[in-house]
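So you can see what is in the structure, the chains are spelled out below.
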Amino acid sequence: MNLLHGYYQVNRLVLNQVRCTGNEDEWQEEGGRSGTLIVERAKPKLRHPRMYKVIMLNDDYTPMDFVVHVLEAFFSMPREQATHVMVKVHTEGRAVCGVYSRDVAETKAEQVNLYSHQNEHPLLCNIEAAEYDESNDD
């Protein structure tokens, strides 16, 4: 009679195919060894996905109104915030437009770059990994 069958973790060591027989404290490993042991399921350690910043880069040709329009359209910023980010891009050479999961960040950067190219502006966005905070992984 097999009550339990599968992989289990015991004292941080993983056993191969453990089968519990009639008594839950008795075990038999494939290979014939048997004994008495407390078995507990291994719990995977979960953590939040890595986040990425979408960075807008300055250039000397893209009109400021177009930059504000892009920030409003692709990053859902209100005009006041979009203007603030545009000024930061202009004065510091780059600014963070948002922080997202990798797929979303790549998509937003690609959409901005394509839209800018279609409108004949050299405005570019790229992504970079955000600092990882392990304290949020509890």
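As shown above, the structure is provided for reference.
For the structure given in this document, a descriptive report is provided here. Only a predicted model underlies this, so the values are computations on that prediction, with no experimental measurement involved. (Residues numbered from 1 in each chain as written. Predicted model: local features only at pLDDT ≥ 70, side-chain atom pairs only at ≥ 80, totals over all residues. Heavy atoms only, no water.)

This brings us to the overall build of the protein chain. Helices and strands together make up the secondary structure of the protein chain, namely three helices and nine strands. Tracing the protein chain from N to C terminus, the helices and strands come up as β-β-β-β-β-β-β-α-α-β-α-β. Within the protein chain, the fraction of its 138 residues that count as buried is 30%. Counting contacts in the protein chain only where the partners sit at least 6 residues apart, residues at least 24 apart contribute 56% of the total. As displayed, the protein chain offers around 9,900 Å² of accessible surface, 48% of which is attributable to carbon and sulfur atoms. (Helix = DSSP H or I, 4+ residues; strand = E, 2+ residues; numbered from the N terminus. Buried < 20%, exposed > 50% of the residue type's maximum accessible area, 1.4 Å probe, protein only. Contact = heavy atoms within 4.5 Å. Areas by Shrake-Rupley, 256 points an atom, 1.4 Å probe, with all protein chains shown as cover.)

This part takes up the nonpolar core. With 23 residues, the main nonpolar core has Val54, Met56, Leu71 and Phe75 as its most contacted residues. Elements with a minimum of two residues in this core: β7 (51–57), α1 (64–75), α2 (79–92), β8 (94–101) and α3 (102–118). Counting residues per element, this core draws most heavily on α1, which supplies seven residues. Excluding anything up to four places from it in sequence, Phe75 contacts Val54, Val70, Cys97, Tyr100, Lys108 and Val112. (Core = buried A, V, L, I, M, F, W, Y, C linked by side-chain atoms within 4.5 Å.)

Turning next to the sheet that holds β7. With antiparallel pairing, the three strands of this open sheet are ordered in space as β8-β7-β9. The strands lining the two open edges of the sheet, one partner per strand, are β8 and β9 (124–129). Between one strand axis and the next, the sheet turns through 30° on average, direction left out of account. (Pairing = 2+ DSSP bridges. Axes fitted to C-alpha atoms, helices over the stretch in contact; angles between N-to-C directions.)

Here we take up the packing of α1 against α2. Packing of α1 against α2 leaves a shortest axis separation of 9 Å and a crossing angle of 125°. One way to sum up the angle between α1 and α2 is to call them oblique. Crossing angle aside, the handedness with which α1 passes α2 is right-handed. On α2, the residues that touch Met64, Val67, Val68, Leu71 and Glu72 of α1 are Arg79, Ala82, Thr83, Val85, Met86 and His90. For the contact of α1 with α2, the per-class residue count stands at seven nonpolar, two polar and two charged. (Parallel < 35°, antiparallel > 145°, perpendicular 65-115°, else oblique. Left-handed = near helix turned anticlockwise from the far one by under 90°. Nonpolar A, V, L, I, M, F, W, Y, C, P; charged D, E, K, R; others polar.)

Moving on, we get to the pattern of salt bridges. One pass over the structure, following the stated rule, counts five salt bridges. Note that Glu106 and Arg102 form a salt bridge whose closest N and O atoms lie 3.0 Å from each other. In this pair, Glu106 and Arg102 are both assigned in helix α3, four residues apart and thus about one turn of the helix distant. A relative accessible area of 42% means that Arg102 is categorised as partly exposed. Counted as one network, the salt bridges with shared partners bring together Lys53, Arg94, Glu128 and Glu131. (Salt bridge = Lys/Arg side-chain N within 4 Å of Asp/Glu carboxyl O.)

On the surface, Met51, Val96 and Val99 cluster together into a nonpolar patch covering about 210 Å² of accessible area. Relative to the assigned elements, Met51 resides in strand β7. (Patch = residues over 30% accessible without salt bridge, like charges linked within 9 Å, V, L, I, M, F, W, Y side chains within 5 Å.)

Two elements in contact, α1 and α3, have axes separated by 11 Å at closest approach and are oriented at 140°. The orientation of α1 relative to α3 falls into the category oblique. As α1 runs across α3, the sense of the crossing is right-handed. Listed contacts from α3 to Phe66, His69, Val70, Phe74 and Phe75 of α1 are Lys108, Gln111, Val112, Tyr115 and Ser116.

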